[in-house]
Amino acid sequence: MGGSNSTGRGKKGSSSPRAMPPVEEVDISAVRYKSPALQAPHLTGFSLRAFLWLMESSLLGPLITSVLKSQNNMPQMLQQTVIPERPMYYPEFPPQDLEPEVVLVEEDRHPAERVKEALQCLPPYDPSVRWSTDEKVPFLYWKIRDFAHAYRSGITTPSVVAEYVIAGVQEWNNKKPPMPMLIYFDADDLRKQAQASTARFEQGNPISILDGVFVAIKDDIDCFPYPTKGATTFFDQIHTVEKDAVCVARLRECGVIFIGKANMHELGLGVTGNNPNYGTARNPHSIDRYTGGSSSGPAALVSSGLCSVAIGTDGGGSVRIPSALCGIVGFKTTYGRTNMTGVLCDSGTVEVASPLASSVEDAILVYSAIAGSRPMDKLTLRPSPLCVPNLLSPKNNNILGSVKVGRYTEWFHDVSDRTISTTCEDALNLLCSTFGCQIEEIILPELEEMRTAHVVSIGSESFCDLNPHYKAGRRTEFTLDTRTSLALFGSFTATDYVASQCIRRRIMHYHMEAFKKVDVIATPTTGITAPKIPPSALKSGESDYVVSAYLMRFILAGNFLGLPAITVPVGHDKQGLPIGLQLIGRPWGEASLLRVASAVEELCLKKRNRPSAFYDILKA
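Residues numbered from 1 in each chain as written. Predicted model: local features only at pLDDT ≥ 70, side-chain atom pairs only at ≥ 80, totals over all residues. Heavy atoms only, no water.

**Topic: the overall build of the protein chain**
In terms of helices and strands, the protein chain carries 24 helices and 19 strands. What you see for the protein chain is a C-alpha radius of gyration of 23 Å, in line with the 25 Å of a compact globule of 620 residues. Along the three orthogonal principal directions, the C-alpha set of the protein chain runs to about 80 × 55 × 50 Å. Within the protein chain, contacts between residues separated by at least 24 positions form 79% of all contacts whose residues are at least 6 apart in sequence. When the accessible surface of the protein chain is split by element, carbon and sulfur atoms take 54% of a total near 22,800 Å². One finds the centroid of the 61 positive side-chain charges in the protein chain at a distance of 3 Å from the centroid of its 64 negative side-chain charges. (Helix = DSSP H or I, 4+ residues; strand = E, 2+ residues; numbered from the N terminus. Rg over C-alpha atoms; globule rule 2.2 N^0.38 Å. Contact = heavy atoms within 4.5 Å. Areas by Shrake-Rupley, 256 points an atom, 1.4 Å probe, with all protein chains shown as cover. Lys, Arg positive; Asp, Glu negative; His and termini not counted. Charge placed at Lys NZ, Arg CZ, Asp CG, Glu CD.)

Laid out in structure tokens, this is it:
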């Protein structure tokens, strides 16, 4: 078992099933980390088509899925093991203490008022630093407050910036091969929004600090009047968009300008960002590499400088993975913290809509605008009050000094190249030497069981959503790798799903025990940096579960347990590809997480390199 040896077994020669000890009786100190040995073929082009034909055949399909699952221990974990815990069908969190030195941002207030509240918690804005012409200043992204300053001081207008955004989007679309960051783009609508914002500035009444700020929306989130396709070729024919998703409506009330629907891995069922339907988004740091997914377009747009913020969805690392690979900040909130109405996957138990941003500061501002649970989640999940860290508090450094960072060392270093984990370790050591916080060794058992249970959970929930269309004859309209995934997901049984939810309760217990000792858990965000795009994968897609497993190695607790997590850029590997450090927080502990992330970001600013494809749309 890859995650632990915390499981009992039947006697040799006897036919009694394996039995896990009750979670409270597991001796955590005896757990040994074992790197997962994932087995699956890497397929593109003809081999992917042939394999899919076998997977979908009524005779051979069940045999192949059965072999694949056996090779990866799934039946042993889920069907041949007695799991004593009862199932946990969605994250259940113990009550949490109020976080120190935070400002409450009441959910029922207007989003613009909440953003104003959050703005007062940020360090003062200094235009002289941000607009310096000194060549020695390290590379910095333009932030929301830079746009606000430029508009308010007459340096430029939203309408002028809109033309640079339009030119940048068209340039990416016209490259050979095309690298579309957006699936739906309407230049006239963008100009109309920018004009309205410009008029508000001319009249001296912008709505909020977000007025005139350009934001991209992932193509699985409704943004009226644009179609929502989920990056398929047909979904907009069966899904009509009648109004904004709740998170989009909240941003619209703050005056943001939506630049269109951002590219993504089809239906979010992949973590590379490959999309044969519309073309694959490219990594601005190296355009022959993947952005990561499934929020590939949002990450590419923010990383290339075309917008400060985008909204993505994260059900299996889909915000954090592309953010880490593209060198930006990706912030996944606690499950249920944001109202998911109007998002394609709004009924699952692992997914949240969250910001990708060029800085932690911008993530804080956008989070304060979009957060707010739906009424049903308030009843069942009992969220702690919505708050943001007061970064101006005189006690801020003392709080950082008392932070205990949890690290499971053997897991932390289980990466494809040690540069990734040592770069992340350097960032943590810098945090500790600067503020005096401490790194505590922790052990998280049954990581392999968590991986399996997450795949079954997200897979079953996705398959349940898509099955009616699949059965109605739409199957051949999905991409080959989506169909391969769906063929596997369709083979999961009710037993697999319920056993996975029993595992969820066990994994939640281990993490809550760790949080009695530490405030945040730190890992690299991904086990590899941005993978190369095989040319053969552009036309027909790619299935590579081994690369996917490396990309997803550290991100699953955020989704399976619904914990808040953030990735912060902390450096680059030898090839100049970005490396992200992930911080995982207690349930509802977004403010504390953002405080630590902000400190890490500040310490590592000089280690951020300018992407090779970058648009300086304010200096332009």
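**Brief notes about unusual backbone geometry**
With glycine set apart, most residues show a phi of negative sign, and most peptide bonds adopt trans. The linkage connecting Phe-224 with the following residue, Pro-225, adopts the cis geometry, with an omega of 5°. Of note, Pro-225 is situated in the loop between strand E6 (214-218) and helix H9 (235-238).

**Notes on the packing of aromatic side chains**
Each pair of aromatic rings is reported with the distance of its centres and the angle of its planes. A complete count under the given rule lists 18 aromatic pairs for this structure. The interplanar angle of 55° and the centroid separation of 6.3 Å between the aromatic rings of Tyr-408 and Trp-411 together place this pair among those described as tilted. Since its relative accessible area comes to 5%, Trp-411 is described here as buried. Site record: aromatic cluster; members linked through ring pairs are Phe-234, Phe-235, Phe-463, Tyr-470 and Phe-478. Positioned above the aromatic ring of Trp-172, the side-chain terminus of Lys-175 is 5.5 Å from the ring centre. Lying across the ring of Phe-412, Arg-407 places its NZ or CZ 5.7 Å from the centre. (Phe/Tyr/Trp six-rings, centres within 6.5 Å; stacked < 30°, edge-to-face > 60°. Buried < 20%, exposed > 50% of the residue type's maximum accessible area, 1.4 Å probe, protein only. Lys NZ or Arg CZ within 6 Å of the ring centre and 35° of its normal.)

**Here's the deal with the side chain of Asn-72**
Within the fold, Asn-72 resides in the loop between helix H2 (61-71) and helix H3 (74-78). A relative accessible area of 12% places Asn-72 in the buried class. If sequence neighbours within four positions are ignored, Asn-72 has contacts with Ala-37, Leu-38, Gln-39 and Met-77.

**Points about the packing of helix H4 (residues 111-119) against helix H13 (residues 360-370)**
Closest axis-to-axis distance for the H4/H13 pair is 8 Å, and the angle between their directions is 150°. Judged by the angle between their axes, H4 and H13 are roughly antiparallel. The interaxial crossing formed by H4 with H13 has right-handed handedness. Across from Pro-111, Arg-114, Val-115, Ala-118 and Leu-119 in H4, the residues of H13 making contact are Ile-364, Leu-365, Ser-368, Ala-369 and Ile-370. Looking at the contact of H4 with H13, its residues break down into eight nonpolar, one polar and one charged. (Axes fitted to C-alpha atoms, helices over the stretch in contact; angles between N-to-C directions. Parallel < 35°, antiparallel > 145°, perpendicular 65-115°, else oblique. Left-handed = near helix turned anticlockwise from the far one by under 90°. Nonpolar A, V, L, I, M, F, W, Y, C, P; charged D, E, K, R; others polar.)

**Section: the UniProt feature "domain: Amidase" (unreviewed entry) in the protein chain**
Look at the UniProt record and you will see "domain: Amidase" (unreviewed entry) annotated at residues 182-594. The span residues 182-594 carries 42% helix and 17% strand; its end-to-end C-alpha distance comes to 29 Å. (UniProt positions renumbered as here; feature names shortened; annotations may be inferred.)

**A few points about the side chain of Glu-85**
Topologically, Glu-85 is positioned in the loop between strand E3 (81-82) and strand E4 (102-104). Judged by relative accessible area, Glu-85 falls into the buried class, the value being 11%. Looking at Glu-85, its side chain comes within polar contact range of the main-chain nitrogen of Val-23, at 2.8 Å. Residues within four places of Glu-85 in sequence aside, it is in contact with Pro-22, Val-23, Cys-502, Arg-505 and Arg-506. (Polar contact = N/O pair within 3.5 Å; in protein donor to acceptor, adjacent residues only side chain to side chain.)

**Side note on helix H19 (residues 480-489)**
For an α-helix the count is 3.6 residues per turn, leaving residues at separations of three or four pointing the same way. Here H19 lies mainly inside the structure; 10 of its 10 residues are buried. Along H19, the residues that are buried comprise Leu-480, Asp-481, Thr-482, Arg-483, Thr-484, Ser-485, Leu-486, Ala-487, Leu-488 and Phe-489. Residues of H19 that are buried make contact with helix H1 (45-56), H2, helix H18 (447-474), helix H21 (537-540), strand E17 (542-543) and helix H22 (545-552).

**Section: the nonpolar core**
In terms of nonpolar packing, the biggest core is built from 186 residues, with Leu-210, Phe-214, Leu-251, Ile-311 and Leu-583 touching the most fellow members. Looking at which element gives the most residues to this core, the answer is helix H20 (residues 494-517), with 10 residues. Apart from residues no more than four positions distant in its own chain, Leu-210 is found in contact with Val-115, Ile-144, Leu-251, Cys-254, Gly-255, Val-256, Val-366 and Ala-369. (Core = buried A, V, L, I, M, F, W, Y, C linked by side-chain atoms within 4.5 Å.)

**Focus: the pattern of salt bridges**
Side chains carrying opposite charge are able to pair once their charged atoms draw close together. Scanning the entire structure with this criterion turns up 30 salt bridges. The residue Glu-590 makes a salt bridge to Arg-337 at a minimum N-O spacing of 3.3 Å. Separated by 253 residues along the polypeptide, Glu-590 in helix H24 (residues 590-604) and Arg-337 in the loop between strand E11 (329-332) and strand E12 (352-357) bring together distant segments of the chain. The network of salt bridges with shared partners includes Glu-56, Arg-475 and Arg-483. (Salt bridge = Lys/Arg side-chain N within 4 Å of Asp/Glu carboxyl O.)

**Considering the sheet that holds strand E7 (residues 257-262)**
Reading across from one edge, E5-E7-E6-E10-E12-E11-E18-E19-E16-E14-E15 is the order of the 11 strands in this open sheet, with mixed pairing throughout. Pairing within the sheet leaves two strands with one partner each, and these edge strands are strand E5 (182-184) and strand E15 (438-441). Ignoring strand direction, the axes of neighbouring strands in this sheet form an average angle of 35°. Taken together, the two bridges between E11 and E12 define a ladder with antiparallel strand orientation. (Pairing = 2+ DSSP bridges.)

**Topic: a nonpolar patch on the surface**
Taken together, the side chains of Trp-53, Leu-59, Leu-60, Leu-63 and Val-67 make up a nonpolar region of the molecular surface, amounting to roughly 580 Å² of accessible area. Relative to the elements of secondary structure, Leu-59 occurs in the loop between H1 and H2. You can call Leu-59 exposed: its relative accessible area is 76%. (Patch = residues over 30% accessible without salt bridge, like charges linked within 9 Å, V, L, I, M, F, W, Y side chains within 5 Å.)

**Details of the pairing of strand E10 (residues 309-314)**
With six of its six residues buried, E10 lies for the most part within the structure. Residues Val-309, Ile-311 and Thr-313 line one face of E10 and the alternating positions Ala-310, Gly-312 and Asp-314 line the opposite face, and both faces are buried. As judged from the three bridges shared by E6 and E10, these two strands associate in the parallel manner. Bridge pairing links Ala-216 to Ala-310 in E10.

**A few points about the environment of Leu-486**
Counting through the fold element by element, Leu-486 comes out in helix H19. The sequence separation of Leu-486 and Ile-311 amounts to 175 residues, and the corresponding C-alpha distance is 26 Å.

**Concerning the state of the cysteines**
In total, this model carries zero disulfides according to the counting rule given. As a non-bridged cysteine, Cys-307 has Cys-326 as the owner of its nearest cysteine sulfur, 12 Å distant. Judged by relative accessible area, Cys-307 falls into the buried class, the value being 3%. Left without a disulfide partner, Cys-387 is nearest to the cysteine sulfur of Cys-121, which lies 9.7 Å away. (Disulfide = S-S within 2.5 Å.)

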